[in-house]
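# Per-entry structural report
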Protein chains: 4
Amino acid sequence: MNPVLEASIAARKRESSHGDKNMVRFGVIGYGYWGPNVVRNLDQLDGSEVVAICDKSPAARKRIQKAYPRVRIAAECTELISSPDIDAIAVVTPVWTHYELAKAALENGKHVFIEKPITSNTAQAEELINLAEQKNLKIMVDHTFLFTGAVRKISQLLDEGALGKLYYYDSTRVNLGLFQHDVNVIWDLAPHDLSIIDHLIEETPEAVVATGQTHLNGHEDIAFLTVYFPNKIIAHINVNWLSPVKVRTTLIGGEKKMLVWNDMEPDEKIKIYDKGVDITSRQGLYNLLVNYRSGDMWSPQLEQVEALKQELTYFVDCISNNQNPTNDGAAGLRVVKMLEAATESLKKRGALVYL
Amino acid sequence: MNPVLEASIAARKRESSHGDKNMVRFGVIGYGYWGPNVVRNLDQLDGSEVVAICDKSPAARKRIQKAYPRVRIAAECTELISSPDIDAIAVVTPVWTHYELAKAALENGKHVFIEKPITSNTAQAEELINLAEQKNLKIMVDHTFLFTGAVRKISQLLDEGALGKLYYYDSTRVNLGLFQHDVNVIWDLAPHDLSIIDHLIEETPEAVVATGQTHLNGHEDIAFLTVYFPNKIIAHINVNWLSPVKVRTTLIGGEKKMLVWNDMEPDEKIKIYDKGVDITSRQGLYNLLVNYRSGDMWSPQLEQVEALKQELTYFVDCISNNQNPTNDGAAGLRVVKMLEAATESLKKRGALVYL
Amino acid sequence: MNPVLEASIAARKRESSHGDKNMVRFGVIGYGYWGPNVVRNLDQLDGSEVVAICDKSPAARKRIQKAYPRVRIAAECTELISSPDIDAIAVVTPVWTHYELAKAALENGKHVFIEKPITSNTAQAEELINLAEQKNLKIMVDHTFLFTGAVRKISQLLDEGALGKLYYYDSTRVNLGLFQHDVNVIWDLAPHDLSIIDHLIEETPEAVVATGQTHLNGHEDIAFLTVYFPNKIIAHINVNWLSPVKVRTTLIGGEKKMLVWNDMEPDEKIKIYDKGVDITSRQGLYNLLVNYRSGDMWSPQLEQVEALKQELTYFVDCISNNQNPTNDGAAGLRVVKMLEAATESLKKRGALVYL
Amino acid sequence: MNPVLEASIAARKRESSHGDKNMVRFGVIGYGYWGPNVVRNLDQLDGSEVVAICDKSPAARKRIQKAYPRVRIAAECTELISSPDIDAIAVVTPVWTHYELAKAALENGKHVFIEKPITSNTAQAEELINLAEQKNLKIMVDHTFLFTGAVRKISQLLDEGALGKLYYYDSTRVNLGLFQHDVNVIWDLAPHDLSIIDHLIEETPEAVVATGQTHLNGHEDIAFLTVYFPNKIIAHINVNWLSPVKVRTTLIGGEKKMLVWNDMEPDEKIKIYDKGVDITSRQGLYNLLVNYRSGDMWSPQLEQVEALKQELTYFVDCISNNQNPTNDGAAGLRVVKMLEAATESLKKRGALVYL
């Protein structure tokens, strides 16, 4: 894990709060499913303040009014984006709107916190990154899972070498719905895993293969991604909107140990198995000695802090200290590159697409 | 499910036993991991008898001697294959030996029960099928899972239309080891699922995509298969020899209902969910009405009879009544075709290979 | 289940809302762990309104102020209890305060919604019941579980005779903490099960046996209750504050079917097993024919509405329509009788105490 | 755990096998449900040999004949018990026959391996113990669970003090059937737990309370036992023949750590939780500081050897080395004392019965 990130979290634990002079003032665009969580956290942090919120939906604006009577509320985002009393914009809207909104925010000198995936294509992401760099502004893509106790623990275990050489990452992320109208199941669910593997696996991915099928609304509702990495590391992601049960299970295999991450478990989300296979001799095809090791299982206690709170705290710190976040625009771009490659492969029903 | 198969099972339940004149006399080649199960069942069936068993390993022959003192035991299979008092040969050996052994047995006028996959390639399978046809002999490939209570119940549900139009079949079949020396994980574990989808899905598969990776002994130890069928049916198979936990879970999605088959559950292996998604309107991209149905779950009692016993009873019946089994040489060939296509796709790291 | 209760719930679904003239105005005493849920629901119901809230804790009052700026807030409850613009008092405080608060409320002509258990002893409960009767006021004891989808479904199944003659109710309700300072684990956790069996089992309980042990703070932290009913029905309740895992599992056995209610399951909380035992003959001790039936399992979809919302809606209806609730003072008294008997039995380390 | 037992198991692992002069020759009485397992293990051990088996049932004798053609088979046990070439008798019959058979065997100078519970009452057990002592013969009661990897690991953890001061042992052992004709569910299922707590808990139990109910054949089919120990240790056992699901779960709470033993899990049978409660201050009733500790969970790898094999190996060692087994007649007596007390308490519907 990025040492800056861990240092930021540790620092936050030590000190209590900033003075008001460091307060980062936010405007939030979008108050649908996820927006209220972003607003609630920004509102409660010591270092940030929500100044204004906009949403096109009158019902959403009514809910904002009830929950945050003292905040400015708008139907259009123009005012927010240009307002001089706003330091940063949180873009919590559908992906096809990200580029326009983030670009406008950056052009107006605002830092940007933006939902995943960062944009609908790589060209847009690159443009935003360049713009931010020119203006010395921060972009953070909301790769929330990086800030969960589970992913932070896995990251730590990999950094320590506890699993040994990494063999594979295999995730199943399926449930019934929620069908999206504008994107397929890969763009909806796979960004979680793609951002996690971008974070955990130190190699640069080489190529993507995607298969899948559309049954209902013209977008693929079931899909399977393989990402090839150097050094024989392979990642696989199974996403499905048509599963009767909700599954959030990831297997991670290493030379020394193996890990199961079941995010549906209320406790014991991560189990580490002291299991493995050693091939000790190679004297001829039929003389391999295959040894299976099987030892204890261990489930570490995970930190219970809300991931989004950790992430937004970190964003506020990055702004205050002029540091680049781990999940910056470039991380967002790497995820979009894999999504684009997956889309291309999917169209060809499984061709290998190099990154 | 094949009506002949179900009729055979039903008939077996009604009547008790054949006279000795119908007794099918078996020679069994191979007494390693699976052979003892084949022998035990053939020995206990009313309609069959084990006359001779051969195995190259002295230790295996010692075990045979202890368990079946009255049976002829041999190190070489030549005698079995040509013996006039043997009607049928069970080939329970590694896949690369199947073709030679089965060919010799057929040439000597013996029916053949053969482990999955039937052969190492399609040409061999075709030759065996032709040979059997010329000599009016039966080949049964040991697609044991077709005879489990679970697959028979799923087959019945699909036949009755209980799930509605089929959307997908998605299987995860992973565990630690058992590494094979001569084949990769696809040839080892995927034949189970390929024989099941061959049985359950009425369409002819169009193409296969396979990805995977080798980490230890030069054969892929983790792999992912997609099989494309007509009518938007898609199958996916996740096989892995490097998983810390044993998983045997299959999701089957249909228009009306969805099903989870967890073969690791001692009871309640199959759960049928009255869940689904209906898209009721298409007036513009953003006006789709997506309705999620969520009703009761139901877990049917499954028949508890040992699958291999059902299968061998059925084979004896097919021989006695001169009927072609469902899991005949042609079924074996269809599975090998998919395995060959998967191997080709795997080499190209995920290319679409038409069947 | 009480037909009045079901009718009330059904009626609520049909009609939309009362006019304001029927609005029941509430004062809520206690804003600790559970109080905020009571306030939130009363605030959102069509037929009720929260006029005032009191809590001795300044921190609690600050939270009230933030969440409900327009509500009267007080440190002492005197004003609430005598206020002429308040129709009903919700007592959401520790059990040892219930009697005084409820008595004062009733004496001032207020209906009373009161946490479980209703009082610390039966004499207090009887006095409250008499007082309410004299003044024609309603008491509802917060036996929330009666209003969950799970208990309502079980109640329906028992009423329909789906389980056949009832054999037993066996509940395990254990977790780590939350240690109470004023009561033992029986008074803390068992009221849930006691109110459920009071509701589900039509017989009047005969006697109670309780065993247990105290390890830490002078109150029993682990205890086991048996309640004997006529007709060989037996109930057992296992409560424990020192369990490393949280368990909420109840087995209910009947002559025809058996049921498992696992309240920790997010879905499939209730599973009904078509299983049973028939003893068909009694010709001598060793000639009993024991038949085990084993059929399908079925998990019905449960209603998802928040139980407390159902309960408070029902309370408002009972007040508006001058009807006595199922979970009235008498129900509360029956639960306290069992708690008292359990306490007496516990002191004697397991003596049978008649009710 | 008894150091002799552990030393025996360790020694067995080191050395390979005895000479024939040390061979213990067994006669086995009873070849019903459990007998075949006893015979199979005795037959395979290096230090023992099965000379003769008797069973009243012709069908059982036929099965013996098929499996062990070279062993003497009898309908009556008289010959076995007096045969000069037999050193030890294994009594694998219903409990009401134990006393007569074991007594005759001891009188004839044979060591005795006997099913649990040792006898139907304490007087019989005491007589057998005295008889064995006079004749310097060994009695081992088949408390198989003591030899499972799970109980041996728990025993080791308690010995090491890993759990800290013991608080409670709480076992649930329920399933559908198997109804016994001669004993109630306590005598059928509780001996497992009673022998385990006799082994694990170093204190002498003080008193027993039992409640339960009979529904079908005149014997209690559901029952609940509490065993009071000194030092505030409490044990509870829930046994039930009328449960739709099979449960084998034991919670063990200690001051430092807590443990869940789920014997239905194929792997991870034991989970140790670094959880606990500390009460750090006692300044007044409402000023207790309750601290909940919550740390990692750990599931140790358990030894996989068959428990009955371990136990019979140990018995053969005890005979050969003239050592008294841990699970000797006295251990059997202690279990029967608790069963008798439970029976008495059950008749009185829950009275405290001192041991």
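Scroll up to find the structure.
Overview of the structure.

Cut-offs used in this document
Residues numbered from 1 in each chain as written. Chains lettered and ligands numbered in written order. Predicted model: local features only at pLDDT ≥ 70, side-chain atom pairs only at ≥ 80, totals over all residues. Axes fitted to C-alpha atoms, helices over the stretch in contact; angles between N-to-C directions. Helix = DSSP H or I, 4+ residues; strand = E, 2+ residues; numbered from the N terminus. Parallel < 35°, antiparallel > 145°, perpendicular 65-115°, else oblique. Left-handed = near helix turned anticlockwise from the far one by under 90°. Contact = placed C-beta atoms within 7 Å. Nonpolar A, V, L, I, M, F, W, Y, C, P; charged D, E, K, R; others polar. Buried ≥ 20, exposed ≤ 12 C-beta atoms within 10 Å, placed from the backbone. Right-handed = clockwise from strand over helix to strand, strands pointing away. Pairing = 2+ DSSP bridges. Least-squares fit on C-alpha atoms with pLDDT ≥ 70 in both.

### A short note on the packing of helix H2 (residues 35-44) of chain B against helix H9 (residues 307-320) of chain B
Residue and element names in this part refer to chain B. Between H2 and H9, whose axes approach to 10 Å, the crossing angle comes to 60°. Here H2 is positioned oblique relative to H9, judged by the angle of their axes. For the pair H2 and H9, the crossing hand works out as right-handed. Here Asn 37, Val 38, Asn 41 and Leu 42 of H2 come into contact with H9, specifically with Leu 308, Lys 309 and Leu 312. The residue makeup of the contact of H2 with H9, split by class, is four nonpolar, two polar and one charged.

### Points about the pairing of strand E2 (residues 48-54) of chain A
All names here are of chain A. Of all seven residues in E2, five are buried, a share of seventy percent or more. In this view, the connection linking strand E1 (residues 24-29) to its parallel neighbour E2 by way of helix H2 (residues 35-44) has right-handed handedness. For E2 and strand E3 (residues 72-74), the ladder comprises three bridges, and the chain directions are parallel. Within E3, the position partnered with Cys 54 by the bridge is Ala 74. For the segment spanning E2, helix H3 (residues 58-67) and E3, crossover handedness is right-handed.

### Remarks on the interface of chain C and chain D
Listed as interface residues are 43 residues of chain C and, on the opposing side, 43 residues of chain D. Broken down by class, the residue content of the side of chain C that touches chain D amounts to 27 nonpolar, twelve polar and four charged.

### Section: the relation of the copies chain A and chain D
Overlaying chain A with chain D gives an RMSD of 0.0 Å, the required rotation being 180° about an axis along which the chain moves by 0.0 Å. Here the copies are linked by what is in effect a two-fold axis. The position closest to the rotation axis in chain A is occupied by the C-alpha of Trp 298 of chain A, lying 2.2 Å away. When the interface residues of chain A are mapped onto chain D, 100% of them again fall at the interface, so both copies present the same face.

### Observations regarding the sheet that holds strand E5 (residues 111-115) of chain B
All names here are of chain B. Pairing in this open sheet of six strands is parallel, and the strands run E3-E2-E1-E4-E5-E6 from one edge to the other. Each end of this open sheet is capped by a strand with a single partner; those strands are strand E3 (72-74) and strand E6 (139-142). Strand-to-strand twist of the sheet, defined as the mean angle between neighbouring strand axes without regard to direction, takes the value 20°. Here strand E4 (residues 88-91) runs beside E5; their pairing, made up of four bridges, is parallel. What sits directly across from Ile 89, in E5, is Val 112. Contacts between H2 and the sheet are confined to strand E1 (24-29), strand E2 (48-54) and E4, with E2 contributing the most and set at about 150° to the helix. H9 rests against E1, E2, E4, E5 and E6 of the sheet, and its axis sits at about 125° to E1.

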